[in-house]
Amino acid sequence: MENFPLIDLEKLNGGERRATMEMINDACENWGFFELVNHGIPHDLMDTMERLTKEHYKKSMEQRFKELVASKGLEGVQAEITDMDWESTFFLRHLPFSNISEVPDLGDEYRKVMKEFAERLEKLAENLLDLLCENLGLEKGYLKKAFYGSKGPNFGTKVSNYPPCPKPELIKGLRAHTDAGGIILLFQDDKVSGLQLLKDNQWIDVPPMRHSIVINLGDQLEVITNGKYKSVLHRVITQTDGTRMSIASFYNPGDDAIIHPAPALVEKEAEQYPKFVFDDYMKLYAGLKFQAKEPRFEAMKAMEANVNLGDPIATA
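For every chain, the first residue of its written sequence is number 1, and the numbers climb from 1 along that sequence. Thresholds applied to this predicted model are a pLDDT of at least 70 for local features of residues and 80 or more for the giving and counting of side-chain atom pairs; totals over whole chains, interfaces and linings are not thresholded and use all residues. Side-chain numbers come from the whole structure's heavy atoms, not from hydrogens or water.

Comments concerning the pairing of strand β11 (residues 244–252)
Turning to step 1, where the next piece is worked out: For every residue, the accessible area obtained with a 1.4 Å probe (protein chains only) is divided by the maximum for its type, and the residue is called buried under 20%, exposed over 50%, and partly exposed between those limits. Numbering goes from the N terminus for both helices and strands, where a helix is a DSSP run of H or I of at least four residues and a strand is a run of E of at least two. With respect to burial, β11 is a largely interior element, eight of its nine residues being buried.
Turning to step 2, where the next piece is worked out: When DSSP finds at least two bridges between two strands, those strands are taken to pair. One ladder, built from nine bridges, connects strand β4 (residues 154–162) with β11; its direction is antiparallel. Paired with F155 across the strands is Y251, a residue of β11.
Turning to step 3, where the next piece is worked out: The sheet contact formed by strand β6 (residues 183–188) and β11 spans six bridges and is antiparallel.

Some points on the UniProt feature "coiled-coil region" (unreviewed entry) in the protein
Turning to step 1, where the next piece is worked out: UniProt positions are given in the numbering used here, feature names are shortened, and annotations may be inferred rather than shown by experiment. Following the UniProt record, one finds the feature "coiled-coil region" (unreviewed entry) at residues 107–134.
Turning to step 2, where the next piece is worked out: Taken end to end, residues 107–134 comprises 96% helix and 0% strand; its first and last C-alpha atoms sit 41 Å apart.

Let's talk about the sheet that holds strand β9 (residues 213–217)
Turning to step 1, where the next piece is worked out: Across the sheet, seven strands lie side by side as β1-β2-β9-β6-β11-β4-β3; this open sheet has mixed pairing. Two strands close off the open sheet at either side, each with one partner strand: β1 (6–8) and β3 (88–95). Strand-to-strand twist in this sheet, taken as the mean axis angle between neighbours without regard to direction, amounts to 25°.
Turning to step 2, where the next piece is worked out: When β1 meets strand β2 (residues 33–37), the two strands line up parallel, connected through three bridges. Note on β2: the bridge partner recorded for L6 is E35. Between the N-to-C directions of two axes lies an angle of 0 to 180 degrees, each axis being a line fitted to C-alpha atoms and, for a helix, fitted only over the stretch in contact.

Some points on the state of the cysteines
Turning to step 1, where the next piece is worked out: Cysteine sulfur atoms are paired as a disulfide whenever they fall within 2.5 Å. As enumerated under the stated definition, the model contains zero disulfides in all.
Turning to step 2, where the next piece is worked out: Not part of a disulfide, C133 finds its nearest cysteine sulfur in C28, a span of 11 Å.
Turning to step 3, where the next piece is worked out: A relative accessible area of 0% means that C133 is categorised as buried.

With respect to the nonpolar core
Buried together is how nonpolar side chains tend to be arranged in soluble globular proteins.
Turning to step 1, where the next piece is worked out: Membership of the largest hydrophobic core comes to 77 residues, with the highest contact counts inside it found for F34, F117, L128, L132, I183, L185 and I213.
Turning to step 2, where the next piece is worked out: Sort the elements by how many residues they give to this core and helix α3 (residues 108–136) lands first, with 14 residues.
Turning to step 3, where the next piece is worked out: Residues count as neighbours in contact if any of their non-hydrogen atoms are within 4.5 Å of one another. Not counting residues up to four positions away in its chain, the partners in contact with L128 are F34, L36, I183, L185 and I215.
Turning to step 4, where the next piece is worked out: The term nonpolar core refers to a set of buried residues drawn from Ala, Val, Leu, Ile, Met, Phe, Trp, Tyr and Cys, joined through side-chain atoms within 4.5 Å. Residues F33, I184, V206 and V232 belong to the second largest nonpolar core, which totals 15 residues.

A word on the packing of aromatic side chains
Turning to step 1, where the next piece is worked out: Each pair of aromatic rings taken from Phe, Tyr and Trp, with Trp reduced to its six-membered ring, is defined by centres within 6.5 Å and is described as stacked if the planes are under 30 degrees apart, edge-to-face if over 60, and tilted in the remaining cases. Inspection of the entire model under this criterion finds eight aromatic pairs.
Turning to step 2, where the next piece is worked out: When the ring of F65 is compared with that of W86, the centres are 5.2 Å apart and the planes differ by 85°; the resulting orientation is edge-to-face. Residue F65 is located in helix α2 (residues 43–71), and its partner W86 is located in the loop between α2 and β3; the two are separated by 21 residues in the primary sequence. Neither F65 nor W86 differs from the other in exposure class; each is buried.
Turning to step 3, where the next piece is worked out: Taken together, a centroid distance of 5.3 Å and an interplanar angle of 80° make the contact between Y273 and F297 edge-to-face. A residue pair is termed long-range when its members are at least 10 positions apart, and Y273 in the loop between α6 (263–266) and β13 (276–277) and F297 in helix α8 (residues 294–306) qualify at 24 residues.
Turning to step 4, where the next piece is worked out: The exposure class assigned to Y273 is buried, which follows from its relative accessible area of 8%.
Turning to step 5, where the next piece is worked out: The exposure class assigned to F297 is buried, which follows from its relative accessible area of 5%.
Turning to step 6, where the next piece is worked out: In this structure an aromatic cluster arises from ring pairing among Y273, F276, Y281 and F297.
Turning to step 7, where the next piece is worked out: The aromatic ring of W31 is capped on one face by K199, whose charged end is 4.8 Å from the ring centroid.
Turning to step 8, where the next piece is worked out: The ring centre of W203 lies 4.1 Å from the NZ or CZ of R235, which sits over that ring. Placement of a charge over a ring requires the Lys NZ or Arg CZ to be within 6 Å of the ring centre, with the centre-to-atom vector within 35 degrees of the ring normal.

This is the structure we're talking about:
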């Protein structure tokens, strides 16, 4: 299997810019995932983030997870579990408003570091969207505008820990799915692996790498690019040793953003995707996350046939 795409963002500033842009485009077209180094987020901030996340899990979440496993009798399962995931998670919202101050059990230092980390990831997400615009031949800022809606984008973080699992062949850390939203930025454990993506009908490991940020594309970018870039099935497999940390931040359209293929990309390609309000897609996704994305797009097409959504960019 070819090497997993590794992009050095510093190379955009010199003579290797064109080759680096081509690597990003190839990763978006053929993988739906890539890994960033020299992304501008300070390593000491990432180290502090990792330390505080792991401390928080030990202090506030580990015992709760053990109790949940015991209550469901998961230690002794004999058949594959298909209706739950072996993960301990909590969620934070950053945009259009932050709820970091309201999430229980977080220490003051953790709240402060999480806020700074999220602000840097937000800037990185917007920079990446402009790089995608450049590769797609869209005007700079097009994707950010498409995501904006009336209140700006949604941006939030899912903090997950995947503890050691006694039956990794029977319980997934996270079942296979595509992400519903826009662009996802993942800071993952560099020692305990587990994240895999489906490419050419094979599950490929996303390599753990210190201080990297893994990027993947969600369903909304597939729609906006009219299928040129596609969201890709991925999953987390469990391990018998080590707890895997995952901090996934989702830069998504605003609730009322109207999502549709960019007109400049429709002219060149015959394939059409639906036009819909992002929040309507999310309501549908909530119940169908672990199923194929194509029926979701079809359901949105059926809804579109009954509703005239008007001109999205004019109302953005």
